[in-house]
Each structure stands twice: as structure tokens, then as C-alpha cells.
Amino acid sequence: MPLDPASPSPQHRRHGSNMGQPLTRRDGVLKVTGRATYAADNHPDGMLYAVIAVSTIARGRVTALDVESAMAHPGVVEVLTPTNRPPLAHDPDEKMPPFGFRVEVLQDDTVRYVNQPIAMVIGETWEAATEAAALLDPQYEVESARTELKSGKRYDLAAIGIGAPPRTAHGDVEAGLKAAAQVTEADYVTPSQYHNAMEPHAIVAEWDGDRVTIDMPNQAMALSCAAYAAYFGIPAENVLIRSPFLGGGFGSKAILNGPQILAVLAARMLGRPVKLSLTRAQMYGPVGHRGRTWQKLRIGTDHDGRLTALHHRALCATSSFDEFIEPAANASLPLYASPAILAEHEGLRLDIGTPGPMRAPGEASGSAALEVAMDEAAQACGMDPLAFRLANYAETEPGTGRPFSSKALRECYAEGAKRFGWAGRPIEPRQMRDENGFLVGWGMGSAVFPCPHFPAEARATLRADGTALVETAGADMGQGAWTALAQIAAEALGLDPDQVELHSGISSLPDGGIAGGSGHTASAGLALHNAGQDAIARLAELATADPASPLFGAGNIGVVARSGRLHRRDDSGRSETYAKILTRAGRTEVVGKARAARDEAAASTHAMYSHGAVFAEVKVDPDLGQMRVTRLVGAFAAGRIINPRLVRSQYFGGMIWGISFALLEEAITDRRTGRIMNADLAEYHVPINADAPSLEAILVPEDDPYVNPLGVKGVGEIGITGTVGAIANAVWHATGVRVRRFPIRIEDVLVNQPT
Ligand code: MOS
């Protein structure tokens, strides 16, 4: 039987080599058979249903609510408004560090954006609460909506993203531009996008005295426990969050939001469990989104097509009352070598909900502009876009000079180009047609993503029956974390993954860190690895101190764990099973514990990123302007691959987001009212199967000894960063039309089509 890495069978599972095996998802069967329980599937006894009422204006005041009619509706238990909302122990107008935002929890009658919560109705049934919410008939004092570039207020920033400086400069860009033989300068616009996870933000809260149990999808349990504790004035250990499964997070489930806090508050106020599940439309406002950007790039090149200066400026939208600034211009910092780089940001206050992290925040929107700008600079130099990238990609981190912990980017360019068949691509646009007369274009983009590492803890228990239980809090967002993490733990424990039970998804377990920034596998994985090693060390102590063991006297460093046995390192024929060691010692189990964090010494000497290159083919109907992505090839180097099946799937997901960003996604605001006109999945476009073409992801081998002891990097978000620009560049190559506003629309290529 041929060994196909995409379809493993048990005989392909190699002992002692759990990492690298394409195992299927542990939770797959539960999910496809409907047995995986999501937050909204919980129905504790006596549960009430909460429904929020949201504002239909973007700015002003609520002057009246017909609470009387709502309360009179059969089955209604309570109506929460700013008048009767119980106090919170933490001021909701104060940000909650480290990543929290100001939350709207009915603190006053002010309206600051459309879909802001203005009341919450709690009823015996969802229908009663929904009906009553519709009876509230809010009256407003309306002020004009400032939702456009012209009406927004520009301001200077103190920080961007989750705390980075708004301006970073290496060298003198003005001097570099002056010295350039060519200067390419253009403006780029990216839209507001909403996470649109399949699973809405749902929550079920049940209090018992001053303890609360919360079922909710959650990407950062320990932080959320601390935040709920602060809002409710209780110790963090009194908050239990259960988040076994997530129906998509994309950043929107890492940070507490107003509606969920109100539901927990209502449950305490009424002394009964309360469930709240946002409607799709209600997710367009209070739970974050990717903010709009207006970007300018100036690229100077010399006669050989080498960069002399790279200037990236981003104006980024945030709300009128809080801040999350998409760190878009920073996408220009780590990728291309230029003697001068300037990345700077400015804020724009609008009457919108506060943006937040969403699918490669900053990298996605910033690289979209950067990769198109690089294509334009290549064009100005008369160079092939790939040759231009090869002439300019950074060998060491620009500005700092730190070496990249690995240098696989060149290999990504080479492997991707080869697989795609890039060679022979005509430099001029509109040169290729398919058999149906469609214009064909090829474009490419570079991909880069940092490697964050969140502190995490784990526990590993070796049992006398030779199996193990490993534990760390954290949700499987669908990426397959539980499968990959079990593989890492199994490797450390010298067991097969199917001998390792993994418990996760509840906050009472050791803190698994944050499932975000594409850093979960590295962070929780290293904690599990260390915990596994700790358990093995404890087991080895038992054996090597026991005269009855064949390992007696071997000492701690003298044994290796493999296939459920400890072996003498100097004589592998002398070995003993874990079960035997534990049984003879009269133990039912041995427990290892560990925490893991970034190796700051390595992080200070090396720059840590995943790299990649994406190649796209589009076909454009020359008469109708209709665009289709017909092929995408991505080559990515992201350190050690724990599970190629899951990693490939992550890359595909990222690349499909790239299609989404390039051609489909945009929330459209009615400039008269500030209302979002397509706040649903019918008119907010995301790719479906028919939009996703033949996808290929090449896993470029990369051995990175610095990033962490496992050599693991993130794979979740890098796919989007190269793909957006690659598609936009392919559209140019097909049509000759350079579109600098996302998503690219039919009218963009039709109206501007060269004759
Ligand atoms: Mo992600 S935007 O780091 O959850």
C-alpha cells in the first residue's frame, strides 16, 4: 500500500514518532455526529432567556423605552435598562488590562454606535423575551452619524494593536526616496470586516452564592476568569468557564464583551441561570470587527531594483470612545530589506463599535497593501514580481539586524513558484487567455507572521495501567489543537497518542494560555511537553532508585522513554514498562507539572517569524468583469510540523480568508444613518465551496532551534497574509487594472478596463 501522508492508516503510525503524523481530529466524530456541546446547547434547570435590544442609531441618546409594555408581556421576568442595572465592581468605562476593552453594559443612555446594547429583556422563554424586546419602542435624540473618512476625527495615537508603538523608523526614508531611481507611491483602502464565526457569542451563566459557572466560547480562559472576577467583585477562582468547543473565534472570542457581562449580571440579579445568544445582526457592533484602513505606501528603488526606502503610513478607524488600531503599517517592518523603513499610524474616530483583533490583525490588511505596492514597484522597475522579491527579501530583520531564527523564505519562493509553474509568466498584463476567452492572470505575494508565545501551564499523569492523562485549559477552536497537543504530550511521555487522554476546555485546569496570535500549539504544547518530561523524570526516579528494577542505578539522565517503557540509555535491552515501575512502587500514578514561557534570551538574539509565498491564478470575464480565483499555491515554512493534515487545513483556511479579503468581504455602512446594511450572512459575502479553487499548501521543512524547544511556530494566520496581495496582483496581471481598494469589485475592473 503506498504511503500517502494525507490518508493515514494505523500501520503507518510509527512508534516513537508521534509528532509529524497526520492523525485525524480527536473531536471530529463528536462534531459531525452533533454530540459536541457548544455554549448555547446548555440548559440548566430553571434557566431564563435573555435577549438584548440594540440601538438603531449611531450617535445620540435613548430618550424613552416602553419598559411597561415589555414587562407586561406574558413570560417576561425583568427588563434591564440603565435605570435599574445593578452596579458592577469594575468601572465598565475603564479598559480591563491586558487586552480588555471598554464595554457597553447599559451604564447610561448614550448611544455611540449602531447595534449598541440599550436594554436587556429576560423571560421564561426565548420567544417571550424576543417579543417583549420588540415592544420597547426606543425613542432617540439623534445626532449625525460620523462613519465616513470625512466626518471622522483624526488623532495621534499612543499605541497600536495590543500595545505596540505607533511609529517605527529605521534609517532616513526621505533621503532614501531622494536617492531612488524610481519612486512608486499609491493609496490603498481596506474595509471593515466582521468575524462572522458560525457560532454566535452565546453564554449560559449560573450562580451559586458568589461562585459562577459560565458556558461560553472562549479563546483566553484565564484572562476571562480574571476579568469576570473584577467586574463581579469575586475571586478569580470563583469563576468557572467551560468552553469545550468553539464554532469559530477569529479573535472575537478572546475578549469580554458587554452583552455577555450583562447576561452574567442578570443571572446574579435574578438568582436563576440565564442564557444569552446574540443574533447574527447583533454581532455587528458590540463584539469587535476589523477596522477600516486608509494606507499610503512609498517605495524607492535603485537602478538594480533594490529598495532604497519603504514608507508605510496607515490611517486606522476606531470607535469614538475606545481604541483598537489595526497595526497595518507594521506589516512593512519584517519582510523586505531596505536601508530606510518608516511605519506609522494615525487614528480616526468614528461612530462605530470598537474594532478588535481579527484574523491576522494588522498583518492581513497591511500586507494586502504592501504586496500590491511591491508588485507596482516591480512593474516600475520592469522586473518580474518574483525576481523583485528575491532581490529584496530580508536576510536579517530590518532595522535590528537580528538574524531570523530560520531562513526558509527563499525556499518558499522557490518551491511555490515551481509547483505553480511561475516560470515563463509574461511580465506585461493581459497576455494570457484560456480556452473560453477568459483573461488569465498570475500574481504572487510574500507571507510573514510573528511567533508569539503565551505563558502556559500543564499537568501530565502517568497511570499504573500504562496510559496517561494530560491536562491544560484551552479550547479547540476547530484548528485541531486537541489532536496536535496530544501528539506533543504523547511524544514527551513515550506513548502513542491513543494512549493519551487529553482534558481541556475548562478553566479549572492548568492555564493553557491564549488561543490567539497563532500561538496556541507552541504555547500550550511546550507546557504539555515539559509536564510530560517532568512525569517521566519522576517515574525514572522511582525505577532507578529501586534495586529490583533493571534500571537500578542508571540515574535520571540515564534512561529514555519509548513505547511505554523506560530504557537504559547505555543498554536499551534493559528496560521496564511504566506499569511495572508504578505497580512495584505501590503507586497508582505519577504526576508531572510544568509551566512554559518564551525563552527571552533566544528572543532577544533572534527574530522569530513564520514565512511563506503564495501564488494565485485568476480568470476574469473580459465582458462582465466577473473574477474567479482558479488556483492558489502557498508554500509555508513554520518550523516543526506536528500534524501535516491539520496544518495543511489551517493553511487552506488562511488562504480562503485571503480570497474573502481580496474579493468578497465588506461591511457596508449607510452613511446617512451609520447602519450596517449587510449585517447578515446573505449579504455579507464570505467564500463558499464554489469560490474556493484548487488549493495547494506546501509544507516547507524548517528546523528552527531558537523559537522554542519544540521548534513549533504558528500556522493559523499566515495563510491570509500572502494571499490577498497575490490575488490582487493576479487581477492586475489578467486585466491591466490596478485595484487598490478591497474587496476588488467587478466595476473596478470593468470601468477602468484598458481598451
Ligand atoms: Mo486571533 S485574531 O489572534 O484570535
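All figures in this text were calculated on a predicted structure; none of them were measured in a lab.

Caption draft 1: Examining the confidence of the model for the protein more closely. Averaged over all residues, the pLDDT of the protein equals 94, while 97% of them reach at least 70. Across residues 1-16 the pLDDT falls below 50, and counting only partners more than four positions away or on other chains, this stretch makes 19 contacts in the model.

Caption draft 2: Spotlight on the packing of helix α7 (residues 363-380) against helix α8 (residues 385-392). For the pair α7 and α8, the least separation of the axes is 9 Å and the interaxial angle reads 105°. As far as their axial angle goes, α8 and α7 are roughly perpendicular. Within the contact between the two elements, α7 uses Glu 371, Met 374, Asp 375, Ala 377 and Ala 378 and α8 uses Pro 385, Phe 388, Arg 389 and Asn 392.

Caption draft 3: Expanded view of the packing of aromatic side chains. Throughout the structure, instances matching the rule amount to 16 aromatic pairs. Between Trp 422 and Phe 615, the ring centres sit 5.4 Å apart and the planes meet at 65°, which makes this aromatic pair edge-to-face. Of this pair, Trp 422 sits in the loop between α9 (409-420) and β17 (432-433) while Phe 615 is found in strand β26 (residues 609-620), placing the two residues 193 residues apart along the sequence. Joined through ring pairs, the aromatic side chains of Phe 420, Trp 422, Trp 442 and Phe 615 make up one cluster. The ring of Phe 420 has Arg 631 lying over it, and the distance from NZ or CZ to the ring centre is 4.1 Å.

Caption draft 4: Structural detail: the pairing of strand β5 (residues 117-123). Burial within β5 is extensive, with seven of its seven residues counted as buried. Examined bridge by bridge, strand β1 (residues 48-54) and β5 share six bridges and lie antiparallel to one another. Each bridged residue has a counterpart across the sheet, and for Ala 50 the counterpart in β5 is Ile 122. Of the strand pairs in this sheet, strand β3 (residues 76-80) and β5 are connected by four bridges, and their pairing is antiparallel. Along β5, the bridge assignment pairs Glu 78 with Ile 122.

Caption draft 5: Focus on the side chain of Glu 471. Locating Glu 471 in the fold gives a position in strand β20 (residues 468-471). Note on Glu 471: relative accessible area 9%, which makes it buried. Setting aside chain neighbours within four positions, we find Glu 471 in contact with Glu 457, Ala 458, Arg 459, Thr 461, His 503, Leu 509, Pro 510 and Leu 528.

Caption draft 6: Geometry of the nonpolar core. Within the largest apolar cluster, 94 residues are counted, with the highest numbers of intra-cluster contacts made by Leu 632, Tyr 651, Ile 727 and Ile 744. Sequence-distant contacts of Ile 744, defined by excluding residues within four places in its chain, comprise Met 627, Ala 662, Leu 663, Ala 728, Val 731, Val 739 and Val 749. Among the nonpolar cores identified, the runner-up in size contains 45 residues, and Ala 458, Ala 481, Ala 490 and Leu 526 belong to it.

Caption draft 7: Main features of a nonpolar patch on the surface. Where nonpolar side chains cluster on the molecular surface, the patch consists of Ile 746, Leu 750 and Val 751 and spans about 250 Å² of accessible area. Here Val 751 lies in helix α16 (residues 746-751). The exposure class of Val 751 is exposed, given its relative accessible area of 65%.

Caption draft 8: Here's a closer look at the packing of helix α5 (residues 221-232) against helix α6 (residues 258-270). Running from N to C, α5 and α6 cross one another at 55°; their axes reach a closest spacing of 11 Å. In terms of their interaxial angle, α5 and α6 are classed as oblique. As α5 runs across α6, the sense of the crossing is right-handed. Between α5 and α6, the contacting residues are Tyr 228, Tyr 231 and Phe 232 on the first element and Gln 260, Ile 261, Val 264, Leu 265 and Arg 268 on the second.

Caption draft 9: Region of interest: the sheet that holds β20. Taken together, four strands build an open sheet; the order of strands is β21-β20-β19-β25 and the sheet is mixed. Each end of this open sheet is capped by a strand with a single partner; those strands are β21 (500-503) and β25 (589-596). Adjacent strand axes in the sheet meet at a mean angle of 15°, parallel and antiparallel pairs treated alike. Along the sheet, helix α10 (residues 481-493) contacts β19 (456-463), β20 and β21; its crossing angle with β21, the most-contacted strand, is approximately 130°. Docked against the sheet, helix α11 (residues 520-544) engages β19, β20, β21 and β25, running at close to 140° with respect to β25.

Caption draft 10: Spotlight on a negative patch on the surface. A contiguous patch of negative charge, built from Asp 45, Glu 206, Asp 208 and Asp 210, is present on the exposed surface. Within the secondary structure, Asp 210 is located in the loop between β10 (202-208) and β11 (211-215).

Caption draft 11: Local environment of unusual backbone geometry. Going from Pro 97 to Pro 98, the amide bond is cis rather than trans, its omega being 5°. For Pro 98, the position within the fold is in the loop between β3 and β4 (110-111). Across the junction of Phe 742 and Pro 743, the peptide omega takes the value -5°, indicating a cis bond. By secondary structure assignment, the location of Pro 743 is in the loop between α15 (718-735) and α16. Its identity as a non-glycine residue notwithstanding, Ser 518 has a phi of 55°, on the positive side. Looking at the element boundaries, Ser 518 is found in the loop between β21 and α11. Since its relative accessible area comes to 17%, Ser 518 is described here as buried. Of note in the backbone geometry, Ser 563 takes a positive phi value of approximately 50° without being a glycine. Mapping Ser 563 onto the fold places it in the loop between β22 (559-562) and β23 (565-568).

Caption draft 12: Quick look at helix α3 (residues 126-134). For α3, the complete set of buried residues consists of Ala 128, Ala 129, Ala 132 and Ala 133. Down the axis, α3 shows its buried residues gathered within 130° of arc, on one side only. Tucked into the core, α3 has its buried residues touching β1, α2 (67-72), β3 and β5.

Caption draft 13: View of the sheet that holds strand β13 (residues 274-277). In spatial order, the strands read β3-β5-β1-β13-β10-β11-β12; together these seven strands make up an open sheet with mixed pairing. Of all the strands in the sheet, just β3 and β12 (239-242) have a single pairing partner and so form its edges. Averaged over all neighbouring strand pairs, the angle between strand axes comes to 20°, with direction disregarded. Strands in contact with α6 are β1, β3, β5, β10, β11 and β13; relative to β10, the strand with the most contacts, it is inclined by about 30°.

Caption draft 14: Molecular detail of α5. Given a rise of 1.5 Å per residue, 12 residues ought to cover 16 Å, and the 16 Å separating the end C-alpha atoms of α5 matches this to within 8%. Elements in contact with the buried residues of α5: β10, β11, β12 and α6. Among the residues trailing α5, Gly 233 stands out with phi positive, at a value near 65°.

Caption draft 15: Here's a closer look at the pattern of salt bridges. Taken as a whole and judged by the stated rule, the model has 47 salt bridges. With a shortest N-O distance of 2.8 Å, Asp 546 and Arg 584 are connected by a salt bridge. Highlighted residues: Asp 546 in the loop between α11 and β22 and Arg 584 in helix α12 (residues 578-584), separated in sequence by 38 residues. Here the salt bridges do not stand alone but share partners, grouping Arg 154, Arg 167, Arg 313, Glu 344 and Glu 346 into one network.

Caption draft 16: Quick look at the side chain of Ser 660. Relative to the assigned elements, Ser 660 resides in helix α14 (residues 644-664). By relative accessible area, Ser 660 is classed as buried at 2%. Apart from the residues within four sequence positions on either side, Ser 660 is in contact with Glu 665, His 685, Val 686 and Pro 687.

Caption draft 17: Summary view of the pairing of strand β27 (residues 627-637). Of all 11 residues in β27, eight are buried, a share of seventy percent or more. As judged from the 10 bridges shared by β26 and β27, these two strands associate in the antiparallel manner. Each residue of the ladder has a partner; that of Glu 617, found in β27, is Arg 631. The loop that links β26 with its antiparallel partner β27 comprises six residues; one of these, Gly 625, has a positive phi angle of about 75°.

So, how was this worked out
- Residues numbered from 1 in each chain as written.
- Predicted model: local features only at pLDDT ≥ 70, side-chain atom pairs only at ≥ 80, totals over all residues.
- Heavy atoms only, no water.
- pLDDT = per-residue confidence, 0-100.
- Contact = heavy atoms within 4.5 Å.
- Axes fitted to C-alpha atoms, helices over the stretch in contact; angles between N-to-C directions.
- Helix = DSSP H or I, 4+ residues; strand = E, 2+ residues; numbered from the N terminus.
- Parallel < 35°, antiparallel > 145°, perpendicular 65-115°, else oblique.
- Phe/Tyr/Trp six-rings, centres within 6.5 Å; stacked < 30°, edge-to-face > 60°.
- Lys NZ or Arg CZ within 6 Å of the ring centre and 35° of its normal.
- Buried < 20%, exposed > 50% of the residue type's maximum accessible area, 1.4 Å probe, protein only.
- Pairing = 2+ DSSP bridges.
- Core = buried A, V, L, I, M, F, W, Y, C linked by side-chain atoms within 4.5 Å.
- Patch = residues over 30% accessible without salt bridge, like charges linked within 9 Å, V, L, I, M, F, W, Y side chains within 5 Å.
- Areas by Shrake-Rupley, 256 points an atom, 1.4 Å probe, with all protein chains shown as cover.
- Salt bridge = Lys/Arg side-chain N within 4 Å of Asp/Glu carboxyl O.
- Left-handed = near helix turned anticlockwise from the far one by under 90°.
- Lys, Arg positive; Asp, Glu negative; His and termini not counted.
- Charge placed at Lys NZ, Arg CZ, Asp CG, Glu CD.
- Arc of directions from axis to C-beta.
- Expected span 1.5 Å × (residues − 1).

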